[in-house]
Amino acid sequence: MVEIKNISFAYGKKDVVKNISFDISPGKCVGVLGNNGSGKSTLITCLNKIRTPKAGSVFIDNQDTLKMSRIETARRISYVAQKNEISQITVFDSVLLGRKPYIKWAVSQEDIDICDDTIEKTGLTPFRLRYIDELSGGELQKVMLARALVQQPRLLLLDEPTSNLDPKNQYEMLELVRNQTALRQICSIIVLHDISLALRYCDRFLFLRDGEVYGYGDESIVTSEMLEAVYGVSSTIEVINGRKIVVVD
């Protein structure tokens, strides 16, 4: 169980994230939704201590990770950024970097086995020895996800993981996240702009407006009224082949 309690953050005197609280059950994906500037990415980086919140707690299995060392936090929380630096290292070596919180003196056979298993489960085995600067955007995002998963986190954070991907890779990436979240019984928080994608792959939805929680719940809260209040657009929600789709009027 992950519990986020009263997280707040400010740039100087300007409050950007204000008293945000919600919880997540193991095996579930939460989609974080809202306009640009609503505090989505700032919230994510507060949860893993890239930014230091001015108030609040992040409890994972009843332990406050904001009071832990960075190594202890990295063993519980992993993060996939929207953009990633590209260097000329192999896919395997890039994934192995995710084991850094566990490596003391040298890479163990256990570290290698965990990396190989995760590479296989994320469909990257054919690319194992390829350099990551030779990969497509979709392949690179899968590498970053594999790196995050080998940390064996309890909480997985993803900041707009599909923003630069074509539709096929968007679906593959989020399907992979959802499957691994359920398989590993971890909690995942995904910042998304595409509401229809969120409806397809997420279990719960956190709407932010002006840095505050405007709504949190299951798909029943994703209504035309909610979208107009949060995004300022008129929309219709249709059901096609059993899936909810948002159509902006």
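The paragraphs below set out a description of the structure included in this document. Owing to the predicted nature of the structure, the values given are computational and were not obtained by experimental measurement.

1. As for helix 1 (residues 40-47)
Where burial is concerned, most of helix 1 is hidden: 7 out of the 8 residues are buried. Of the positions making up helix 1, those classed as buried are K40, T42, L43, I44, T45, C46 and L47.

2. Side note on the pairing of strand 3 (residues 29-33)
Judged by how many residues are buried, strand 3 sits mostly within the fold: 5 of 5 residues are covered. Neither face of strand 3 is left uncovered, since the one carrying C29, G31 and L33 and the one carrying V30 and V32 both have all their residues buried. As defined by bridge partners, strand 3 adjoins strand 9 (residues 204-209) across 4 bridges and the pair is classed as parallel. Bridge pairing in strand 9 places V30 opposite R204.

3. Considerations on the packing of aromatic side chains
Tallied over the entire structure, the rule returns 3 aromatic pairs. Taking the centre distance of 4.9 Å and the plane angle of 85 degrees together, the rings of F9 and Y11 count as edge-to-face. Judged by relative accessible area, Y11 falls into the partly exposed class, the value being 40%. Lying over the aromatic face of F92, R128 brings its terminal NZ or CZ to 4.4 Å of the ring centre. Above the face of the Y216 ring, R204 is positioned so that its terminal group lies 4.8 Å from the ring centre.

4. Re the pattern of salt bridges
The tally for this structure, following the rule as stated, stands at 9 salt bridges. In this structure, K54 and D15 form a salt bridge, with 2.8 Å as the shortest nitrogen-oxygen distance. Taken together, the positions of K54 in the loop between helix 1 and strand 4 (55-60) and D15 in strand 2 (residues 14-24) put the pair 39 residues apart, joining distant regions of the chain. Here D15 falls in the partly exposed class, since its relative accessible area comes to 35%. For K121, the salt bridge goes to D117, with nearest N and O atoms at 2.8 Å. Taken together, the residues K121 and D117, both in helix 4 (residues 109-121) and 4 residues apart, mark about one turn of the helix. The partly exposed category is assigned to K121, whose relative accessible area is 38%. By sharing partners, the salt bridges in this structure join K142, K168 and E172 into a single network.

5. Some points on the sheet that holds strand 9
Pairing within the open sheet is mixed, and its 6 strands lie in the order 6-7-8-3-9-10. Among the strands making up the open sheet, the edge pair consists of strand 6 (77-80) and strand 10 (212-217). Averaged over neighbouring strand pairs, the angle between their axes works out to 20 degrees when direction is ignored. Against the sheet, helix 5 (residues 137-149) touches strand 6 and strand 7 (155-159), its axis set at about 170 degrees to strand 6. Where helix 8 (residues 224-231) meets the sheet, its contacts fall on strand 3, strand 9 and strand 10, and the angle it forms with strand 9 comes to roughly 35 degrees.

Basis of the calculations
- Residues numbered from 1 in each chain as written.
- Predicted model: local features only at pLDDT ≥ 70, side-chain atom pairs only at ≥ 80, totals over all residues.
- Heavy atoms only, no water.
- Buried < 20%, exposed > 50% of the residue type's maximum accessible area, 1.4 Å probe, protein only.
- Helix = DSSP H or I, 4+ residues; strand = E, 2+ residues; numbered from the N terminus.
- Pairing = 2+ DSSP bridges.
- Phe/Tyr/Trp six-rings, centres within 6.5 Å; stacked < 30°, edge-to-face > 60°.
- Lys NZ or Arg CZ within 6 Å of the ring centre and 35° of its normal.
- Salt bridge = Lys/Arg side-chain N within 4 Å of Asp/Glu carboxyl O.
- Axes fitted to C-alpha atoms, helices over the stretch in contact; angles between N-to-C directions.
- Contact = heavy atoms within 4.5 Å.

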